[in-house]
Amino acid sequence: AQSVTQLDSQVPVFEEAPVELRCNYSSSVSVYLFWYVQYPNQGLQLLLKYLSGSTLVKGINGFEAEFNKSQTSFHLRKPSVHISDTAEYFCAVSDPGNTPLVFGKGTRLSVIA
Amino acid sequence: GAVVSQHPSRVICKSGTSVKIECRSLDFQATTMFWYRQFPKQSLMLMATSNEGSKATYEQGVEKDKFLINHASLTLSTLTVTSAHPEDSSFYICSARPGGSGGYTFGSGTRLTVV
């Protein structure tokens, strides 16, 4: 079964600084990778996904992630964060086919003014 | 894009009563629906997978008699929390994979509070 490890439970960062949220997944022949954001008391919003093709994936709100098969990683990056980026971020993985998403434990990004 | 409509968004019920949560796929046929639960400050944990016209598959540790899932049509899956207790208070969210591959679509979630 797939699994996801988010190495940092909390990441504080100053406004306008760059940020990287780390995600590693269990190895598999084929894998689909996702990053979601969850604001307080709200549902999930898709930031970006990797299904195939280019390993550098660009998402919404200036976020991007790079699929690294050799390191089984899919780290999320943003060059300059805003206060409004303060939220919980979840990395998730799935197999192809009608299978469920498996979520990591989440990383709480706190942007400090 | 594919949309899953989830209702209610919030519900408060008394201990011992039952609550039904509905998820409808609005513009696609959802042969499979995934049900997740999220406790405060925790991640989403898969509870069960429902398939249209057949019994749901529950994850280890999830009581099938307590969390009744029905997927009677290609556009509607329901989760009923029976004899709810305060420890069942949580955020419940459904998800489907339109087309059976690629991306997922999520309902907006149901916040259940049992008092």
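Residues numbered from 1 in each chain as written. Chains lettered and ligands numbered in written order. Predicted model: local features only at pLDDT ≥ 70, side-chain atom pairs only at ≥ 80, totals over all residues. Heavy atoms only, no water.

A. Geometry of the overall build of chain A. On a plain count of helices and strands, chain A comes out with 0 helices and 12 strands. The order of helices and strands in chain A, counted from the N terminus, is β-β-β-β-β-β-β-β-β-β-β-β. Rg of the C-alpha trace for chain A: 13 Å, near the compact-globule value of 13 Å for 113 residues, within the 12% margin. Each principal axis of the C-alpha atoms in chain A carries an extent, and together these give about 45 × 30 × 20 Å. Burial statistics for chain A: of 113 residues in total, 45% are counted as buried. The long-range share in chain A, meaning contacts at least 24 apart out of those at least 6 apart in sequence, stands at 55%. (Helix = DSSP H or I, 4+ residues; strand = E, 2+ residues; numbered from the N terminus. Rg over C-alpha atoms; globule rule 2.2 N^0.38 Å. Buried < 20%, exposed > 50% of the residue type's maximum accessible area, 1.4 Å probe, protein only. Contact = heavy atoms within 4.5 Å.)

B. Just the pattern of salt bridges, in detail. Residue and element names in this part refer to chain A. Using the criterion set out here, one finds 7 salt bridges over all chains in the structure. For Arg 77, the salt bridge identified is with Glu 66, shortest N-O distance 3.9 Å. One end of the pair, Arg 77, is in strand S9 (residues 73-78); the other, Glu 66, is in strand S8 (residues 64-68), with 11 residues separating them in the sequence. Given a relative accessible area of 28%, Arg 77 falls into the partly exposed group. Residue class for Glu 66 comes out partly exposed when judged on its relative accessible area of 34%. In this structure, Asp 85 engages Lys 78 in a salt bridge whose closest nitrogen and oxygen atoms are separated by 2.8 Å. According to the relative accessible area criterion, Lys 78 is buried, its value standing at 7%. (Salt bridge = Lys/Arg side-chain N within 4 Å of Asp/Glu carboxyl O.)

C. How the structure looks around the packing of aromatic side chains. Going through the model one piece at a time under the given rule, you end up with 13 aromatic pairs over all chains. Aromatic pair Phe 63 of chain A and Tyr 89 of chain A: ring centres 5.5 Å apart, planes at 45 degrees, arrangement tilted. Of this pair, Phe 63 of chain A sits in the loop between strand S7 (56-58) and S8 while Tyr 89 of chain A sits in strand S10 (residues 87-94), and the two are 26 residues apart along the sequence. On the basis of relative accessibility, which here comes to 2%, the residue Phe 63 of chain A falls in the buried class. Considering the side-chain rings of Phe 34 of chain B and Tyr 104 of chain B, the 6.3 Å spacing of their centres and the 55 degrees angle between planes classify their relative orientation as tilted. In this pair, Phe 34 of chain B is assigned in strand S4 (residues 32-38) and Tyr 104 of chain B in the loop between strand S9 (90-96) and strand S10 (105-106), connecting sequence segments 70 residues apart. For the pair shown, Phe 34 of chain B and Tyr 104 of chain B are each scored as buried. What links up through ring pairs into an aromatic cluster is the set Phe 34, Tyr 36, Phe 90 and Phe 103 of chain A together with Phe 34, Tyr 36, Tyr 104 and Phe 106 of chain B. (Phe/Tyr/Trp six-rings, centres within 6.5 Å; stacked < 30°, edge-to-face > 60°.)

D. Quick peek at the interface of chain A and chain B. Counting residues at the interface gives 22 residues for chain A, matched by 20 residues for chain B. Overall, the association of chain A and chain B removes approximately 1500 Å² of surface from exposure, summing both partners, and the carbon and sulfur fraction of that is 55%. Here chain A is connected to chain B by 0 salt bridges. For the pair chain A and chain B, the number of links is 10 residue pairs in polar contact (both at pLDDT 80 or more). For the side of chain A that touches chain B, the leading source of residues is strand S5 (residues 32-38) of chain A, giving 4 residues. Of the residues assigned to the side of chain A that touches chain B, the class counts are 10 nonpolar, 9 polar and 3 charged. (Buried area = accessible area lost by both parts, 1.4 Å probe. Polar contact = N/O pair within 3.5 Å; in protein donor to acceptor, adjacent residues only side chain to side chain. Nonpolar A, V, L, I, M, F, W, Y, C, P; charged D, E, K, R; others polar.)

E. Region of interest: the environment of Phe 106 of chain B. Within the secondary structure layout, Phe 106 of chain B lies in strand S10. The class for Phe 106 of chain B is buried, based on a relative accessible area of 13%. The sequence separation of Phe 106 of chain B and Glu 22 of chain B amounts to 84 residues, and the corresponding C-alpha distance is 13 Å. With near-sequence residues (within four places) excluded, Phe 106 of chain B lies in contact with Tyr 36, Leu 44, Leu 101 and Phe 103 of chain A together with Val 4, Tyr 36, Ile 93, Cys 94 and Ser 95 of chain B.

F. Structural view of unusual backbone geometry. Following His 7 of chain B, the chain continues into Pro 8 of chain B via a peptide bond in cis, with omega recorded as -5 degrees. Assignment of secondary structure puts Pro 8 of chain B in the loop between strand S1 (4-7) and strand S2 (10-13). One non-glycine residue, Asn 41 of chain A, lies in the positive phi region at around 60 degrees. Mapping Asn 41 of chain A onto the fold places it in the loop between S5 and strand S6 (44-50). You will see that Ser 83 of chain B, though not glycine, has its phi angle at about 45 degrees, which is positive.

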